[in-house]
Each structure stands twice: as structure tokens, then as C-alpha cells.
Amino acid sequence: MTIKRSLICAGVALTFAGSALAQVPAGYPADYQKIIDGAKKEAKLVIYSATDSKAAQPLIKDFNALYPGVKVEYSDMNSTEVYNRFISEAAAGGNTADVVWSSAMDLQMRLASEGNALKYRSQEAGKLPAWAVWNDSAYGTTFEPAAIVYNKRILTGNEIPRTHAAFAAIIKTEKFRDKVTTYDIEKSGVGFMFMTQDARENPQFGELQNAFGVAKVRVQSSTGTMLERISSGENLIGYNVLGSYALVRAKSDPSLGVVLPADYTLIMSRVQFINKAARNPNAAKLWMDYLLSVRGQTVIANESKLFAIRADVTGETTSAELIKIIGEKNVKPIPVHPSVLEYLAPAKRMAFLKQWKETAGKK
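Keep in mind it's a predicted model, so treat the numbers as computed, not measured. (Residues numbered from 1 in each chain as written. Predicted model: local features only at pLDDT ≥ 70, side-chain atom pairs only at ≥ 80, totals over all residues. Heavy atoms only, no water.)

K.L.:
Describe the nonpolar core, with residues and values.
P.N.:
Judged by nonpolar contacts, the single largest core of 117 residues is most densely connected at Leu 45, Ile 171, Phe 194, Phe 212 and Trp 287. Sorting elements by how many residues they give to this core places helix H11 (residues 281-292) first, with eight residues. Beyond its immediate stretch of four places on either side in the chain, Phe 212 contacts Phe 167, Ile 171, Val 180, Thr 182, Met 195, Val 217, Tyr 239, Trp 356 and Ala 360. (Core = buried A, V, L, I, M, F, W, Y, C linked by side-chain atoms within 4.5 Å. Buried < 20%, exposed > 50% of the residue type's maximum accessible area, 1.4 Å probe, protein only. Helix = DSSP H or I, 4+ residues; strand = E, 2+ residues; numbered from the N terminus. Contact = heavy atoms within 4.5 Å.)

Written out as C-alpha cells, the structure reads:
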């Protein structure tokens, strides 16, 4: 009897705690309660994402602590798969994501600018850099560098390039033949975006492409595969590797070294939008505001290790700390803006890929 009563009391306490947590966040308008109540009725949130489940799990766990009545269904795919799955399901009129969150900024902006994104002014929008918000529809959520990653056991001293020009020069040497890796830009959305942004930023981009051809570059569709092959020594060096994943891996893998190029470092921000036709729009708004809040960004920085975009968040993996390391003038954020769509125009994309295959892709 005593045991039974204790369990009932515990259940009451948990129910009360759950309802107490699902309150309007401090500083939000009182009518935000309507969104919370709506999300509770929906009781579900579907997210398609290119962020590894391992990195997303701390965010989902903390979000559930705030809003225990909302079940998160999280699907982790590569960036191209996220795009293709969403457009195919949306076109068919079937069930699809409430929220789309991806590192392929250009593909995200295509979806948003073509009318797939719900216009929603996040309560946290004013705390983000101006370049990270587009039309109150698409939001940058992270501040992640494109890095050069190398095998520390094999490369030392002057063999470690610190700039894009130095990288292009060193990989032409015999030691690097068949030992250089980067993204397969035909299959990886983020890889294509990084390379086209390089074409914009780097006046010697043609030389870089030729250097990849001389080195007989080996391409991969994922960051994890590149890091594995560099760590094992199968490849000696990787280019435009997603720095957030590389820096975390390097802390536990003594074989990996990470360089943030001194001439310029591209900064990618995982873009998120709410599906205009979302079945659970209130839950999606809660998630959007949570991810951009100080609380969500602190989890991004200190648990997910994806580099918080907000300047008022403290921790090792934050935009503020990264800017200190690279130098403000050398940080090149890719804007959350339709301007990133330039190379997605069919003729321009085909021309870019053709040039890549004829130079960098030649074997």
C-alpha cells in the first residue's frame, strides 16, 4: 500500500513538473502560450536533418525537458538526401517534415525561396547576425568552419599547409599522389556549396582545381569517411572538411590535425526553416525558437559541438572563440540568402561540374 501510494505521488509530481516546464520563456510575449498549447495538442514534431543524430541528441533531450508533451521524430540523412526526400514527399502531397535543417545552405535557400518555408519571425531573430536571417523564413543556426585536416603522424612542419595557396602547392608533390581527399561535389550538397564558394573567394581557384587533378584526389560523400581515411593514413590530407566534426574527432584521435586556413576560412551555417505546409506548425515554432535561444545555443556549443552562432553564448565551440582564432577579417560567412543559389542554376551547375571533372576529377 505504501509503495503504491509513493508511485502515485511520484506520477503526480512528474506531471506537475512537466506542466511547469512548458511555460512561456522569459522575455517572450504572453500570447506565446497559444503556441505552446498548440504544440501540446499536436504532440509531435518531424525533423529532416543533415546533422548527425549523435550531435542532435543533446538538443532533442533538452527540448523534451522543456516541452515533454512533444515527441520528436528525427531523421538523419546526408544533405542531398534531405533535399530530395523533402521535395519528393511535398510534391506527392504526403507526410513530410515539419522542420528541415541542413548544412547545404544553397539547397535550403532554394527550398525556402521557392515558397516552401513558413514565414515566422522567431522570438530570437534579433540576436542573430544580420546575414543569418532571410525573410523571417530561413535561419542560420551554427557557425562552422571549412577546414584542412591532415594526418599528424605522417605530415609535419612545412608539409602542413596554412593557406589555400600552400595547400594547392603541396598536394602537387609526389608524396600526396592518391592521398588527398575532399567531398564528392556531385553527391554531397555541402561539398558542392563549399567548392563553389571557394570559386568566389579564391582568385587562384583554377590552380587549386589543377592541383587536385595532379594529386588524383579521392572523393567521399561524408565527413566521417574522410576523417576515418585520414586517421588511418590511407589519405594524408583532406580539404573543405566540416570543421565542427573534425575538431571534435581530433580531441580524441591523436592522428588528426586541423588547420583553419589563415588567408580565409569559409563559415557554413546549418540553415533551418519550417515547412509552410507543416502538420505540426506550433511544435515547429517551439523548436525553432529553442534552437536559436541562449539555452539551445549553449547546448549546440557545449554538447553538440557545432559552434553556436550567437555572440552572447560562451564556450569553446562558439562563433566568438572561432573569430578570435581565425581573425575577424579572415572569417567568410556564407550568407543565408538567395545569392548562394548562383551555382544551382542548371547551366551553371553543369558547367562547374564539367570543369571540375576535366581538371580536379581527371585520373
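Past the structure itself, the notes keep going.
K.L.:
Hey, could you go over the side chain of Gln 209 for me, with residue numbers and the actual values?
P.N.:
Position of Gln 209 among the secondary structure elements: in helix H8 (residues 205-215). Look at Gln 209 and you get buried, because its relative accessible area is 5%. If sequence neighbours within four positions are ignored, Gln 209 has contacts with Gln 355, Trp 356, Thr 359 and Ala 360.

K.L.:
Please provide a residue-by-residue account of the sheet that holds strand S1 (residues 44-49), values included.
P.N.:
Sheet strands line up and pair through hydrogen bonds in the backbone, either parallel or antiparallel. Spatially, six strands are ordered S2-S1-S3-S12-S5-S4 in an open sheet, and the strand pairing comes out mixed. Two strands bound the open sheet, and with one partner strand each, they are strand S2 (71-76) and strand S4 (133-134). The sheet contact formed by S1 and strand S3 (residues 99-102) spans three bridges and is parallel. By the bridge assignment, Tyr 48 is partnered in S3 with Val 100. (Pairing = 2+ DSSP bridges.)

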